[in-house]
Amino acid sequence: SQGGVEQRILRANPILEAFGNAKTLRNDNSSRFGRWMEVHFHTTGLHEGSVAGAFIENYLLEKSRLVTQQKNERSYHIFYQLCASPWAASLNLHGGADQYHFLAASGCTSVPTIDDAEDFDEVVEALTAMGFTQEDVQWVFSLCDAVLHLGDVKFQPIDAGEGSAIHANAQSSVDAVAMYLGSSSPVVSAALTERQVAIRGEVQHMRNNVHAATEA
């Protein structure tokens, strides 16, 4: 087509794989998402038979993989790619993927058949080809960064164990989460250590204990 729609459809694959594929016990590049994608064609006129457009109508992701994986499996490729990328320093990702709980807990942060740094370059090129602005790309990677730092937030009991507070050693992680979400540390801390309960139409704020805060 004149608009290069076919190439843009193909260039979407590195992005979808980075954010939706992961290393499992059976497959180093396993697709952990489902999608319904429609491709539309011109049926008449000069461009008959060429692609007119395409869109993804439904997208279902295995979200639980973000926070936990089986032993020797990995989370989504993008997180390891970011840790191995030139963006790592600017995103405050220091020391590699094995420094972050959400990635290191499974005991597998690298795969011999995968070059995370090289794959990251392909993702950035694809994002540019798909029309993402530099600001869009920065925001997407900042969200990924927030996820990784969120996994390192720990809690300590207060009020005889009935409530919780951010552990002193985890405040830097909360600060990072807040910065990359465009929020503030007190707002993030409250969101993690409190829950809202509606009682007879009135919203009450109640403290989470350590277990509830960790689950949240």
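Everything here concerns the structure above.
Being a predicted model, the structure only gives us computed values, none of them experimental.

1. Regarding the overall build of the protein
Argument step 1. For the protein, the count of helices and strands is eight helices and eight strands.
Argument step 2. For the protein, the C-alpha atoms occupy an extent of roughly 75 × 50 × 35 Å along the three principal directions.
Argument step 3. Here the protein, with 216 residues, has 35% of them falling under the buried criterion.
Argument step 4. Here the contacts in the protein between residues at least 6 apart in sequence split such that 58% fall between residues at least 24 apart.
Argument step 5. For the protein, the accessible surface area stands at approximately 12600 Å², while carbon and sulfur atoms represent 53% of it.

2. Some thoughts on the side chain of lysine 23
Argument step 1. Along the polypeptide, lysine 23 turns up in the loop between strand 1 (21-22) and strand 2 (30-31).
Argument step 2. For the buried residue lysine 23, which engages in no salt bridge, the nearest side chain bearing the opposite charge is aspartate 28, 4.8 Å off.
Argument step 3. For lysine 23, the side chain forms a polar contact with the main-chain oxygen of asparagine 72, separated by 2.6 Å.

3. Overview of the packing of aromatic side chains
Argument step 1. Applying the stated criterion to the full structure yields four aromatic pairs.
Argument step 2. Ring centres 5.2 Å apart and planes at 25 degrees place the aromatic pair phenylalanine 33 and tyrosine 59 in the stacked group. Here phenylalanine 33 is found in strand 3 (residues 33-41), whereas its partner tyrosine 59 is found in strand 4 (residues 51-61), with 26 residues between them in sequence.
Argument step 3. Relative accessible area serves as the criterion here: at 17%, phenylalanine 33 is assigned to the buried category.
Argument step 4. A residue is classified by how much of its surface remains accessible, and tyrosine 59, at 34% relative accessible area, is partly exposed.
Argument step 5. Between tryptophan 87 and phenylalanine 120, the ring centres sit 6.5 Å apart and the planes meet at 70 degrees, which makes this aromatic pair edge-to-face. Of this pair, tryptophan 87 sits in the loop between helix 2 (77-83) and helix 3 (101-104) while phenylalanine 120 sits in helix 4 (residues 116-129), and the two are 33 residues apart along the sequence.
Argument step 6. In this structure an aromatic cluster arises from ring pairing among Trp87, Phe120 and Phe141.
Argument step 7. Above the ring of tyrosine 80, the side-chain terminus of arginine 74 is found at 3.9 Å from the ring centroid.

4. Thoughts on helix 7 (residues 185-193)
Argument step 1. Those residues of helix 7 that fall on the buried side of the exposure criterion are Ser185, Val188, Ser189, Leu192 and Thr193. Down the axis, helix 7 shows its buried residues gathered within 115 degrees of arc, on one side only. Exposed and oriented more than 90 degrees from the buried face of helix 7 are Pro186 and Ala191.

5. Digging into the pattern of salt bridges
Argument step 1. Within this structure, the stated rule accounts for four salt bridges.
Argument step 2. Residue arginine 32 is joined to glutamate 62 by a salt bridge in which the shortest nitrogen-to-oxygen separation is 2.8 Å. Here glutamate 62 lies in the loop between strand 4 and helix 2 and arginine 32 lies in the loop between strand 2 and strand 3, a separation of 30 residues in the sequence.
Argument step 3. The class for arginine 32 is partly exposed, based on a relative accessible area of 27%.
Argument step 4. The salt bridge involving glutamate 62 is made with arginine 65; its shortest N-O contact spans 3.0 Å.
Argument step 5. On the basis of relative accessible area, arginine 65 is assigned to the buried category, the value being 5%.
Argument step 6. Put simply, Arg32, Glu62, Arg65 and Glu73 are held in one network by salt bridges that share partners.

6. Some details on the environment of threonine 214
Argument step 1. Here threonine 214 lies in helix 8 (residues 210-215).
Argument step 2. Threonine 214 sits in the exposed class, given a relative accessible area of 51%.
Argument step 3. Put simply, threonine 214 and serine 75 are 139 residues apart on the chain and 19 Å apart in space, counted from C-alpha to C-alpha.
Argument step 4. At 2.8 Å, the side chain of threonine 214 forms a polar contact with the backbone oxygen of valine 210.

Definitions and limits used
- Residues numbered from 1 in each chain as written.
- Predicted model: local features only at pLDDT ≥ 70, side-chain atom pairs only at ≥ 80, totals over all residues.
- Heavy atoms only, no water.
- Helix = DSSP H or I, 4+ residues; strand = E, 2+ residues; numbered from the N terminus.
- Buried < 20%, exposed > 50% of the residue type's maximum accessible area, 1.4 Å probe, protein only.
- Contact = heavy atoms within 4.5 Å.
- Areas by Shrake-Rupley, 256 points an atom, 1.4 Å probe, with all protein chains shown as cover.
- Lys, Arg positive; Asp, Glu negative; His and termini not counted.
- Salt bridge = Lys/Arg side-chain N within 4 Å of Asp/Glu carboxyl O.
- Polar contact = N/O pair within 3.5 Å; in protein donor to acceptor, adjacent residues only side chain to side chain.
- Phe/Tyr/Trp six-rings, centres within 6.5 Å; stacked < 30°, edge-to-face > 60°.
- Lys NZ or Arg CZ within 6 Å of the ring centre and 35° of its normal.
- Arc of directions from axis to C-beta.

Keep in mind these numbers describe shape, not what the thing actually does.
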